[in-house]
Structures are given as structure tokens and as C-alpha cells.
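Geometric and topological summary
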Amino acid sequence: MIIPAPFKYGLVCLLVFFLAPAATSQGTIWITTGLNNYDFFGTSIDQIGDVNGDGIPDVISGSDGISPNGQESGQVRVVSGADGSTLMTFDGDSANDQFGYQVSRCGDVNGDGIDDWSAASPLDDNNGGASGMVRVFAGGTVSIIYQFDGAASDDVLGKSLGYLGDVNGDGRADILVGAPQKNYAISGASTQPGYVTVYSGATGTALYSVSGNVANDQFGDSCAGGQDLNGDGVNDFIVGAYGEDTNGTNAGSVSAHSGVDGSVIWTAYGDSARDHMGASLAIIGDVNGDGIHDVAAGAPEDDNNGSNSGAVHVLSGADGSKITVIDGAANLDQMGSSVSSFGDINGDGVEEFLAGASLHDGGFGTDSGKLYVIDGATLVSIMYVEGGLAGDRMGWDCAGGMDYDADGIPDFIAGCVQYFAGGGNNGRGYVSLHDTTGTPPPPPPTWPNLPSSFVSTVPNGYNEDFEALAGVVPPHMAINELDMFFRTLDPDAWCNIGQNAPCISANSGTYCLEMGGDPLMSGHHEVANGLVIGIDGAGSNHLVVDFAGINWGEENQADDGIWVSDNGTDWYPVQVYWNNFAAVGVWEQFNSIDLTSTVVDTTTQFYLLFAQADNYEYGSADGIGIDDISVHDWTAPGPELTLTPFPPVAGAPAVLNIANNNPGDLVASGYSFVGAGPTQTAYGTLLLSPPFTQFPNLIANASGNATMTANVPPVVQGWDVWLHALNFTQMVWTNPLATTFQ
């Protein structure tokens, strides 16, 4: 049962449920986005306690590509669990730190009763290049409690973080940090095995460290904790060794360790070379009924269902034995990109868990990604969320277990980095919160703002040069300045008729419609702009629109063009894209765009939309300007006189053509070397001065063209010439021509 209907742009994610028939789904509660392309917001996420005192748990997300203090210095954002709004941000120190690459809930480290949290800069260079750094923040005061620095270059401390709990009995939550000793920003094998350190929450000193066995094991690439696996009453932890080779090169492994001293409880190995088991880890509920929590281990490059289809290995928490393997659905899905504990949502007493397949090709395109909810009792998927756009990479990270809507059932969050090598979604990223009960909300409309009135096209058409409006939006117009993907208000969008600021350039006067990014936009990300005009076509027959336009360097987006709608929800294009410009930065005229070419009835009230999407400032290599709009009834074009080449060349052939006749029409034409008249005749005004010469009469062919070819005498080079023609059958004069022989 698919609950939300699919819709353009993926404004909410697709949530699908396989529960009992009585169960319903809420879908997406909120979505919050990155600020710029290549921010990679959502690269790491976690649920934390209530830090703003509204009684609702909040969320942390890393954005390791954002550049507040230099290229990829990174940032961590704390967002409200109630609505996704930003509560606070914390910036990386310097370029290439990638602060926010990992974030994690820590529990109460400082004893104030409020959850604290950690964030890492794995490529920080405080103790050498890529030595890494982790900061622990107080959830109550948001001050830094501790900072841990990697000991040496390429330690990459903070490549993984995990919740642990109190392992030394002092009443404070302790802190679990992984350092795989492999700089992921450069290629080549590591000469070190990697390690995991447990730090005291009370003092910040290292309680102990555990190291991998062999160089390039990348032990500590992932870690997780928070449950007692060996029955001694102390929380234990698990560690992934992404590069471990026991069952083949980079088959990977997972080891469980005592929270007391870090000693090994058990080790499990990936099935075959390059499976990379242990790339993601979670301690989940007790799914085999032995009274001990079990383990989910991602192997995203497992090949059971095709190359890199991926898999999640469900392992016994007691001894590491394999309970089951959940395979990716198809080639390149990378099932196991992320895993997380969740909670019991179906009331059977067994906790569900989450598993991401970030490169799954879903209903909305390549690499849209998929996040599964796995039933703890049956170990099959009972629901999933798909990314709403190609390249969303839904399931890049995930977290669950806290209740955000007070319905008594846990909710979950998804991180989507939105990076698609095929050319779309350039890494802006988003985080979405999902509920598993209730009624799904309808998707937001593509263009939410509609005019409240309609203007008539009778008797003289609707003509708009924006001058009389003087920057005031009238009731028959509506401005839409939106985020292109999520269709929410975006302060960086620019749909300006003068209400935002004076226009840069107009075709006539000083006002026009400008669509693009805000000339002072804070970040280069995709925005959508639309001016909707309410048109009353009653009394019209065949409406067309003329306009002047200027292209500042437009690239095609799905929003671009001219659209019509009879209900404000379903939009139909009458011009797709803005490819019809001949030049950049020059106003051009466009005529007779047919508004009757769709199913929309334009002889009654309808909406006319000029729309554009962009990611750069209007007037600065991007954007579309529109001016001098005219909506009117189409009239058939009259006969048109052309001369090719124009100007004609002395001593060479020239072609005279009169177009737009009816087949068989009689056409007369002539020329003068004196001037453009006017000369009154029995047939009307001839725009030639006497003496003038008439060409032989012509008969229009089946295409309506009356054509003759003549050789221009060499002697006329430099002479001025005027030409005019008459359709005798219709008694309609053509346009005149004037030129100089070359």
C-alpha cells in the first residue's frame, strides 16, 4: 500500500508500508535542507534529547562540506525535533577539517540530566595532517565539555563515534571514538591497524584503547555501543574493521568488546573479498530471543544480488554467530550503507531496526536511495522510505528510537546527501523525520501561491509592462519564491517585479519580471521562481501570448518555461525551457506562443505561469527576465514579403518571396529606386515612390508561397531600393522592404 501519491520534485519522501490492513502511515513529518550545493548536509545524523526545553527530542546533523571557515571546514547543526528549524550551529575551525563528518548522542556526560553529544573533524590537523579531532558538547549549555585530538598524522580520530553509556560505574556516560588510521581523502593502504578509545565522561581522560590486528584493517572505521552483550551488567561495544582480510581482501569484520576493559568477546568476519562488512554497525534489539541484544552489520559491497547489491548481516550479540543476512534488492543498491537500532512499532515485543540502501534506484530515479524498517521478529522489511529525487541517496545515514509526536511509538530520521554523479543534486543534502502512524499529509503544491482574481482578455487583450504596478503585486498576480526541491519559501529565490528591489534592466520603462537567484543570495543552491497571472479568457477564441525576454545564462530545469493550469495544481507547458533565445544579455521579442495547445480550457478562467529555476544570482550568468506581456486572440498572419539574401548582392541571384498566402492566390510585386511613397492606387496605398517597376505576377503554390528568382545587375551596387507587394486575391498589402544593394 503506497500511502503518499508520487509527485513532481519529491517534495516529501515516499513512505511505503507492509503492515496489517488496519495500520496507516504518516510519512514525512518534516524535512530540513542544507544551505548550499556540496554542503552534504545529512552526512551524519543522530537523535538527541530535548535541548530547547519544548518537551520534544531534537536532532543533530553534520554538514561536512560546508565552508564557513574555509573550504570544507564543516558544520554541525542542531535542529528542532518539532519542526526541523535550526536551533544552533557549530562551525569547523579551518579548511578541510570536515567538522560534522560524524555526530553522535553521548548520553549525560556532565551530570546535568540533559543528553550531551559529540561531533568529529576526522581530517583536522591539530597533531599532524588528518590526525582528527572530536568535541563533546553539553546539551544544556551547548558549551564544549571536552576536545580529543588524534595522536598523530592520519589517525583520523572521529571517523566513527558511538553511544556507549557508563562503563566505569561513576554515573557519567563515557565516550566511544574510532580512529581507523586511514586518511580517506587520499588513496593507498595504511601502515597502521586503527584503534578505538573509550574516554571517561567524568574526567575526559582515556580509560583504555583497543587496536586492530593488522595494518590497513581500518579497525575503528565504525563503532557502536550501549548494551550489555556478555551479561556482566556493563554496556559493551562493537567495532567494524572495514579492511580486514580473513575471508578475502577487504572482506571486513565486526568484533564485540567488553565495556570494562575492551577485551574481545567475539569476532565475526565478512563472507568474501571486498564485502566491507562492518562499514556500518548498530546494536539492535534481541531478535533471536536469547535475552541479549543482537548486532546489525552493513556489508554494502556484498554481491549476493549483483555487484555491490550489499547486505546487512544480523549477528548474535552473545557470540557473533550469523542469524540471517538481508540482501540488497538489486545490483549497486549498497544495502547496509547505514544501520540503526529503532524500537518496537508493531507491538510484538521485538524491536525493529533500520537499514539503508543509499544507491537503490527507486521510483524517482537513479540513486534515489531507500531506507528500510526491518521487523525484528521476522527479519523482513515491513516499510520503507524512498528518496524523492534521483541522487538523493536516501539511507546514507539513519537513526531511530525516540518519539517526536507523543503517540507512544518511536519515530526515525534519515540523512540524504543528494549527490548524483549523473549530473543532478549537487550535494546540498537534507534530513527528514518520519512517523509510522496516522494519516499521511498531502504533498505540497508545486506552486503554492495563486492569485485571488482574474483579468479579462476582452476586448483588447491583457497587456502588462509592469510600469503601472510600480513594484506592487496586484490581486491577479502571485509571486512564488521557493526551494526547487521542497517547494517551501526560500529567501534566496528571486521573483521580482520591483517589490524586492529596483529591476536591473527592462525592455521598456524601468520595471519587468526578474527570475533567478537573489542577487545577494547566501548560497548557490537550486531555487524555483514563478509569477502566476489569473487570466479570464471568456469571449476569446484562440489565445496566444507575446513577450519580451532576456536570458542571463540559463540552464534547463524541469520548472523552466510557460505553463497553464485550470486548477492551480496540475500544470501543463506551452513552452518548455527557455531555449529560444538567440543571445545572452539582450532583450528579444517572442510572439504567438499558443496557450490553447493543452487540455486547459483558455476560454474561461485559468492560470498563466512564467517559471524558472536556477542556482546563481539573477543577472550574473543566470536568470530570465520577462517584460511587455500581451495575452490576446491569435489572428492569422498576413502576406509577408522577404528578400534573400538581405541585403541583396549586385551581380548575384536574389530570391523574392511572398509568404502566408492561400494556395492559388494572385500576387503582384514591384520596386522603386526613388523612395517609399506613399502612392495612392485603386487597390490602396502603395509604399513605393514613382517611377516604380512591377515584377511579373505570381501564383502562390501549395505552401502559400509566391516566389521568383532574378539576377541582380552589377551596375546597381550601392543603390537604394524599396519593395512592396499586394495579394490581389485577398486585397491585402504585405510589409514593405527597404535596403541597399551590396
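Since the structure is predicted, the reported quantities are computational estimates derived from the model, not experimental observations. (Residues numbered from 1 in each chain as written. Predicted model: local features only at pLDDT ≥ 70, side-chain atom pairs only at ≥ 80, totals over all residues. Heavy atoms only, no water.)

A word on the overall build of the protein. Within the protein, the secondary structure is distributed over zero helices and 52 strands. Whereas a compact globule of 742 residues would reach a radius of gyration of roughly 27 Å, the protein reaches 34 Å, over 25% beyond that. Taking the principal axes of the C-alpha coordinates as reference, the protein spans close to 115 × 55 × 45 Å. For the protein, the proportion of its 742 residues judged to be buried stands at 56%. The long-range share in the protein, meaning contacts at least 24 apart out of those at least 6 apart in sequence, stands at 61%. Entry remark: accessible area of the protein is about 27000 Å², with carbon and sulfur atoms responsible for 51%. Side-chain charges of the protein comprise 13 positive and 87 negative groups, with the mean position of each set lying 8 Å from the other. (Helix = DSSP H or I, 4+ residues; strand = E, 2+ residues; numbered from the N terminus. Rg over C-alpha atoms; globule rule 2.2 N^0.38 Å. Buried < 20%, exposed > 50% of the residue type's maximum accessible area, 1.4 Å probe, protein only. Contact = heavy atoms within 4.5 Å. Areas by Shrake-Rupley, 256 points an atom, 1.4 Å probe, with all protein chains shown as cover. Lys, Arg positive; Asp, Glu negative; His and termini not counted. Charge placed at Lys NZ, Arg CZ, Asp CG, Glu CD.)

Okay, the environment of His 276 next. The topology assignment puts His 276 in the loop between β18 (264–269) and β19 (280–284). Separated by 205 residues in sequence, His 276 and Gln 71 place their C-alpha atoms 30 Å apart. Setting aside anything within four residues of it in sequence, one finds His 276 in contact with Tyr 242, Asn 250, Ala 251, Gly 252, Gly 298, Ala 299, Pro 300 and Glu 301.

Under the criterion given, the structure shown has six salt bridges. In this structure, Lys 159 and Asp 221 form a salt bridge, with 2.7 Å as the shortest nitrogen-oxygen distance. Remark: Asp 221 occurs in strand β15 (residues 219–227) and Lys 159 occurs in the loop between β10 (144–149) and β11 (160–165); sequence separation between them is 62 residues. Assigned by exposure class, Lys 159 and Asp 221 land together as buried. In this structure, Arg 428 engages Asp 483 in a salt bridge whose closest nitrogen and oxygen atoms are separated by 2.2 Å. Taken together, the residues Arg 428 in the loop between β28 (412–416) and β29 (430–435) and Asp 483 in strand β32 (residues 477–483) connect sequence positions 55 residues apart. Per residue, the accessibility class of Arg 428 equals that of Asp 483, and both read buried. (Salt bridge = Lys/Arg side-chain N within 4 Å of Asp/Glu carboxyl O.)

Glancing now at the packing of aromatic side chains. One pair of aromatic rings is described through two measures. These are the centre distance and the angle between the planes. Taken as a whole and judged by the stated rule, the model has 27 aromatic pairs. Look at Phe 90 and Phe 137: their rings are 4.7 Å apart centre to centre, the planes differ by 50 degrees, and that puts the pair in the tilted class. Taken together, the residues span a long stretch of sequence, with Phe 90 in strand β6 (residues 86–91) and Phe 137 in strand β9 (residues 133–137) at a distance of 47 residues. An identical accessibility class is assigned to Phe 90 and Phe 137; each is buried. Aromatic rings pair up to connect Phe 547, Trp 578, Phe 581, Phe 590 and Phe 610 into one cluster. Positioned over the ring face of Tyr 163 is Arg 105, at 4.4 Å from the centre of the ring. Positioned above the aromatic ring of Trp 447, the side-chain terminus of Arg 487 is 4.7 Å from the ring centre. (Phe/Tyr/Trp six-rings, centres within 6.5 Å; stacked < 30°, edge-to-face > 60°. Lys NZ or Arg CZ within 6 Å of the ring centre and 35° of its normal.)

Think of a sheet as strands paired side by side through backbone hydrogen bonds, with each pair either parallel or antiparallel. Read across the open sheet, the four strands follow the order β19-β20-β21-β22; overall the sheet is antiparallel. Of all the strands in the sheet, just β19 and β22 (322–327) have a single pairing partner and so form its edges. Averaged over all neighbouring strand pairs, the angle between strand axes comes to 20 degrees, with direction disregarded. Taken together, the five bridges between strand β20 (residues 294–299) and strand β21 (residues 311–315) define a ladder with antiparallel strand orientation. Of the residues in β21, the one forming a bridge with Ala 297 is His 313. (Pairing = 2+ DSSP bridges. Axes fitted to C-alpha atoms, helices over the stretch in contact; angles between N-to-C directions.)

Split into domains, the protein comes out as domain 1 (35–104 + 176–434), domain 2 (455–633) and domain 3 (640–741). Here the C-alpha centroids of domain 2 and domain 3 sit 39 Å apart. (Domains from an automatic or database assignment.)

Of the consecutive residues Val 458 and Pro 459, the connecting peptide bond is found in the cis state with omega at 5 degrees. You can see Pro 459 is positioned in the loop between β30 (455–456) and β31 (462–464). Residues Pro 690 and Pro 691 are joined by a peptide bond in cis, for which omega reads 0 degrees. Mapped onto the elements, Pro 691 comes out in the loop between β46 (684–686) and β47 (692–694). Here His 276, not a glycine, exhibits a phi torsion of approximately 60 degrees, which is positive. A relative accessible area of 6% means that His 276 is categorised as buried. Its identity as a non-glycine residue notwithstanding, Phe 466 has a phi of 70 degrees, on the positive side. Tracing the backbone shows Phe 466 in the loop between β31 and β32.

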